[in-house]
Amino acid sequence: LHLIQALVPLLTPRYRVRLYFRNAPDPGWGATLAQAEARVIPQARLWTHLGLAQEMLRRPPDLLFVPAHVLPLVRPRRSLVTVHDLGYRFFPKTHPPAQRAYLALSTRWNARAATRVLADSQATQLALVEAYGAPVGKVTVVHPGYESDLAPVRDPASLAAVRARYELPEAYVLFLGRIQPRKNLARLIEAFGALAGDHPALGLVLAGPPGWDAEVIEAAAARPGLQGRVHLPGYVADEDKAALISGARAFAYPSLYEGFGFPVLEAQACGTPLLASSTSSLPEVAGAGAVLVDPEDAGAIAAGLRRLVEDAALRQALVARGFENVARFSWAQAAEQVAGVMAEMMGEPPDLKRR
């Protein structure tokens, strides 16, 4: 949504733009629908390979851009697709078997069939080249932006209100994201247990909706010695996100694999010291604004958390570096890069996006 809202104004001076929807677009699309044609294709199942493919057969555009899914089996001569990550290849047990099979099939198809491919990170670009033999020149790295309206919340009353709403302790380490094995939360709980005794007032908050196999994480949170110390408040409303992140002593994101990792930038934008994995795209995204640890080593995660909790000077330095780092990312910049790739595909100079 954010990418397309930034992209459409760059394209409409030169091209007609059509947006394909399965259902009538909601109000979140706003002014974008005044600049582009909306084509609703009702199709309950297999929307891409039945509904969208039929549309491509009947009325093919000059270029089809798929920002977050898979190319239809029928596609126009020029097609641009985004591959977000290949985590299913590196940690297959953290995905349901059916999902893993679909991701492998669709990603291979995307890499082979698309004219050009966008990757969220250099880590994803490298994985595509190594796993599926995609030519390096076919895959362009375009870093996404983030919710730039996120900012530190310093008002004590606002912070206390959010803690009360979700029944959280005053001091806590925060994870925010889907509760599922790929996020490495069982190991994060184990690491938290290693320092919980030295910090009796500190809690661990795992905030987000439950995902596949969340029961394993819930069981780890209930193990002896941690009762009442690990909190799973569920989904967090958008209006509470900034205060929840800002109120944390530290933000922990030791995910096993990420194609990008939006929560890293959200934590930095809110001025919260960050711990992240030293693997996949996370060092690339976090820059110098994080303590990086081996996600498969609970002891390393525990040591990193201890540094963040106990070293005030380190926390202050990471916050400053985090603010510098998030300035590298924006949806406007991402849209300009995508528009440049589209111009190249249409055989026109990339700077047409700025005319």
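Here the structure is shown first, and the text comes after it.
Structural notes, computed from the coordinates.

Rules used throughout
- Residues numbered from 1 in each chain as written.
- Predicted model: local features only at pLDDT ≥ 70, side-chain atom pairs only at ≥ 80, totals over all residues.
- Heavy atoms only, no water.
- Pairing = 2+ DSSP bridges.
- Helix = DSSP H or I, 4+ residues; strand = E, 2+ residues; numbered from the N terminus.
- Axes fitted to C-alpha atoms, helices over the stretch in contact; angles between N-to-C directions.
- Contact = heavy atoms within 4.5 Å.
- 1 Å grid on protein atoms, 1.4 Å probe; cavity = no way out; pocket = protein on both sides within 12 Å on 5 of 7 lines; lining within 4 Å.
- Points joined across faces, edges and corners; volume = space filled by probe spheres on them.
- Nonpolar A, V, L, I, M, F, W, Y, C, P; charged D, E, K, R; others polar.
- Buried < 20%, exposed > 50% of the residue type's maximum accessible area, 1.4 Å probe, protein only.
- Phe/Tyr/Trp six-rings, centres within 6.5 Å; stacked < 30°, edge-to-face > 60°.

## Considerations on the sheet that holds strand β7 (residues 171–176)
Piece 1. Read from one edge to the other, the open sheet built from six strands follows the order β9-β8-β7-β10-β11-β12, with strand pairing classed as parallel. Only two strands of the sheet have a single partner each, and these edge strands are β9 (230–234) and β12 (291–293). When the angles between neighbouring strand axes are averaged without regard to direction, this sheet yields 25 degrees.
Piece 2. Bridging between strand β10 (residues 250–253) and strand β11 (residues 274–277) involves three bridges; their strand directions are parallel. Looking at β11, one finds that Tyr253 is bridged to Ala276.
Piece 3. Together, β7, β8 (202–207) and β10 form the strand contacts of helix α10 (residues 238–246), whose direction differs from that of β7 by roughly 130 degrees.

## Focus on the layout of surface pockets
Piece 1. Roughly 160 Å³ of volume is contained in the second largest pocket.
Piece 2. In this structure, the second largest pocket is lined by Val153, Arg154, Leu159, Arg163, Glu170, Ser246, Gly247, Ala248, Gly271, Thr272 and Pro273.
Piece 3. A per-class count over the lining of the second largest pocket returns four nonpolar, four polar and three charged.

## Some details on unusual backbone geometry
Piece 1. Phi at Leu46 is positive, roughly 50 degrees, even though this residue is not glycine.
Piece 2. Within the secondary structure, Leu46 sits in the loop between β2 (37–40) and α3 (47–58).
Piece 3. Taking relative accessible area as the criterion, Leu46 reaches 58% and is therefore assigned exposed.

## Let's talk about the sheet that holds strand β5 (residues 116–119)
Piece 1. The sheet built from four strands is open, its strands ordered β3-β4-β5-β6 with parallel pairing. Lying at the two open borders of the sheet, with one neighbouring strand each, are β3 (64–66) and β6 (139–141). Taken pair by pair, the neighbouring strands of this sheet meet at an average axis angle of 20 degrees, ignoring direction.
Piece 2. Direction of pairing for strand β4 (residues 79–83) relative to β5: parallel, over a ladder of four bridges. In the sheet register, Val83 faces β5, and the bridge partner there is Ala119.

## Some words on the packing of aromatic side chains
Piece 1. Across all of its chains, the model carries seven aromatic pairs by this definition.
Piece 2. Measuring from centroid to centroid gives 5.8 Å for Phe260 and Phe329, while their planes differ by 75 degrees, and the two rings are edge-to-face. Note that Phe260 is positioned in the loop between β10 and α11 (262–269) and Phe329 in the loop between α14 (312–326) and α15 (331–345), a separation of 69 residues in sequence.
Piece 3. Judged by its relative accessible area of 5%, Phe329 falls in the buried class.

## Quick notes on the side chain of Asn110
Piece 1. With respect to the element layout, Asn110 can be found in helix α5 (residues 97–113).
Piece 2. Classification of Asn110 by relative accessible area gives buried; the value is 3%.
Piece 3. In this view, Asn110 contacts His69, Val70, Leu71, Val81, Val83 and Val117; residues no more than four positions away in its chain are not counted.

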